[in-house]
Amino acid sequence: MGMLHVNSERLWGRISELAQVGAIDGTMGCSRLALTDEDAEGRRLVITWMQDLGMDIAIDGIGNVVGTWYGPDTDRHLPAVMTGSHIDTVKTGGRFDGNLGVLAGLEVIETIAEQGLSPQHPISVGFFTGEEGSRYAPDMLGSLVYVGGLGLESALEIKGIDGTNVGEELERINFRGQAPCPGPIPKAFIELHIEQGPILEAENIAIGAVDSVQGISWTQITIEGQSNHAGTTPMHMRHDAGWVAGEITSYVRRLVKEIGGNQVGTVGKIDLVPNLVNVVASKATLTVDLRNTDDEILKDAELQLANFCDNLSTQEEVKLHREVLARFEPVTFDDALVGDVIRFSELLDISVKQMTSGAGHDAQMFARVCPAVMIFVPSENGLSHNPDEFTSQKEIEDGSNVLLQMMAELSGLHYD
Ligand code: GLV
Ligand code: MN
Ligand code: MN
């Protein structure tokens, strides 16, 4: 029979169908922030597909959904080989980020099942709550709770950008399940994902064998000044929270450029109060996202930012408060599994390159408890977190075929 191959038409069909849920009009993109009605509708659709494949569905206390498939000869007592990702999106997201990894997992199972084959180990496909972190920080919330990195009770209390809280929203959309957290530890976790960056495309390489993920630091800074009349208040008498937020924003760019290397920094969200043309802002809230593969450099960047903020708040006589929204150290994936991604790509005659991940992913949480690795496929123009995010059907087929070989071997699937 030779090697198994996925049906990329079927996979592409599911990606397109899921993308209709929360579709952003006039674009290819999706808006399914975690635990919104759109997220719930997407969840229900994917669960229907899991049920059609005869998978057992477990929903845990944080709303992670794990579907497990057993072939006729599978030993139910063995740990599952797990794949998956997330189906929540940023508010202005694409159709591939996360969704690909989940739907490719279903495609792997369908490919194996339709051949009448049976792996020794169960195969499971998970989608994890709130990977994006855009509505509820930290990012990778569901997988963090799954691996025991954050207690369920604390996670349920997390407040979102819209004042809602995780527990209440989970109840509201009916996804607060009974399965235990932390969840069962898989034999291994393999995640297929779009690169979300420009490297594979630029080098004309089909597959990234991801060996690491850079460290992530999210800080929310709240500045309290004094609102006053924009026309009458002399400049030296202002305590302008809006201006302080602007200074911090441009400092982040300066700092990151000065550090150089692969340091990146982003102010992606600024809210002003009262946000009016002729009123000096009394309050500003902004977020700073700093990332580096080297945790020492990242710590130094955090320290320099903190010092800058403290000096500025003294100088401007404003109150300034910093809150850590997310902090994850750089993660290294399993050497042997990275080697398998390379080996299977070569066997399939697909070009491959070992690389690091700039984005955070659920697989990095699983790396805490089991061997884990990721497979990247190219992103057109390096675009992601953007409705125009695109990866071709052929590129997805290549990535999914590597995933399939990995899942087949790890689950002890034998065929000729
Ligand atoms: C998650 O998508 C992140 O890396 O921000
Ligand atoms: Mn993602
Ligand atoms: Mn994302």
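Sequence positions are assigned chain by chain, starting from 1 and proceeding in written order. Just so you know, chain letters begin at A and ligand numbers begin at 1, following the order they were written in. In view of the model being predicted, local features appear only for residues whose pLDDT reaches at least 70, and side-chain atom pairs are presented and counted only at 80 or more, with totals across whole chains, interfaces and linings using the full set of residues. With hydrogens and water set aside, each side-chain value is computed from the structure's full complement of heavy atoms.

Undergrad: I'd like a description of the coordination of the manganese ion (ligand 3), backed by residues and values.
TA: The protein atoms that coordinate the manganese ion (ligand 3) are Asp97 (OD), Glu132 (OE), Glu132 (OE) and His385 (NE2), at distances of 2.1 to 2.3 Å. For Na, K and Ca the donor cut-off is 3.2 Å, while for other metals it is 2.8 Å, and in both cases only N, O and S atoms qualify; water is not among them, so sites may look incomplete. Going along the chain, you hit the donors of the manganese ion (ligand 3) in the pattern D-x34-E-x252-H. A separation of 3.6 Å is found between the manganese ion (ligand 3) and the manganese ion (ligand 2), which share Asp97 as a coordinating residue. Remark: Glu132 occurs in the loop between β4 (123–127) and α4 (141–146) and Asp97 occurs in the loop between β3 (81–85) and α3 (99–114); sequence separation between them is 35 residues. Using a relative accessible area of 7% as the deciding quantity, one classes Glu132 as buried. By definition, any uninterrupted DSSP run of H or I lasting at least four residues is a helix, any uninterrupted run of E lasting at least two residues is a strand, and each is numbered from the N terminus. The classification of residues rests on relative accessible area computed with a 1.4 Å probe and restricted to protein chains. Under 20% of the type maximum is buried, over 50% is exposed, and intermediate values are partly exposed.

Undergrad: Help me get a handle on the domain arrangement of the protein, residues and values and all.
TA: With domains assigned, the protein is organised as domain 1 (8–214 + 330–410) and domain 2 (222–328). Note that the domain bounds were set by an automatic or database domain assignment. Between domain 1 and domain 2, the C-alpha centre-to-centre distance is 34 Å. Contact residues are listed per partner, giving 15 residues for domain 1 and ten residues for domain 2. Buried area is understood as the total, over both parts, of accessible area removed when two parts are fitted together, assessed with a 1.4 Å probe. Where domain 1 abuts domain 2, roughly 900 Å² becomes buried across the two surfaces, and 63% of that area is made up of carbon and sulfur atoms. Salt bridge, as used here, is a side-chain nitrogen of Lys or Arg placed within 4 Å of a carboxyl oxygen of Asp or Glu. Between domain 1 and domain 2 we count zero salt bridges in total. Definition of a polar contact: a pair of N or O atoms within 3.5 Å, with one able to donate and the other able to accept a hydrogen when the atoms are protein atoms, and with sequence-neighbouring residues admitted only if both atoms are side-chain atoms. One can count one residue pair in polar contact (both at pLDDT 80 or more) joining domain 1 with domain 2. Taken together, the residues of the side of domain 1 that touches domain 2 sort by class into eight nonpolar, five polar and two charged. Contacts are assigned to residue pairs with any non-hydrogen atoms lying within 4.5 Å of each other. Side-chain classes are defined by residue name, with Ala, Val, Leu, Ile, Met, Phe, Trp, Tyr, Cys and Pro counting as nonpolar, Asp, Glu, Lys and Arg as charged, and the others, Gly among them, as polar.

Undergrad: Just give me the short version of the site of ligand 1, but keep the residues and values in it.
TA: Any residue with at least one heavy atom within 4 Å of a molecule or strand is counted as near it. Neighbouring ligand 1 are the residues Glu131, Glu132, Asp139, Trp218, Arg291, Ala359, Gly360 and His385. Within the contact set of ligand 1, an oxygen atom lies 2.9 Å away from a side-chain nitrogen or oxygen of Glu132. Contact between ligand 1 and Arg291: an oxygen atom at 2.8 Å from a side-chain N or O atom of the residue. In terms of residue class, the shell around ligand 1 is made up of two nonpolar, two polar and four charged.

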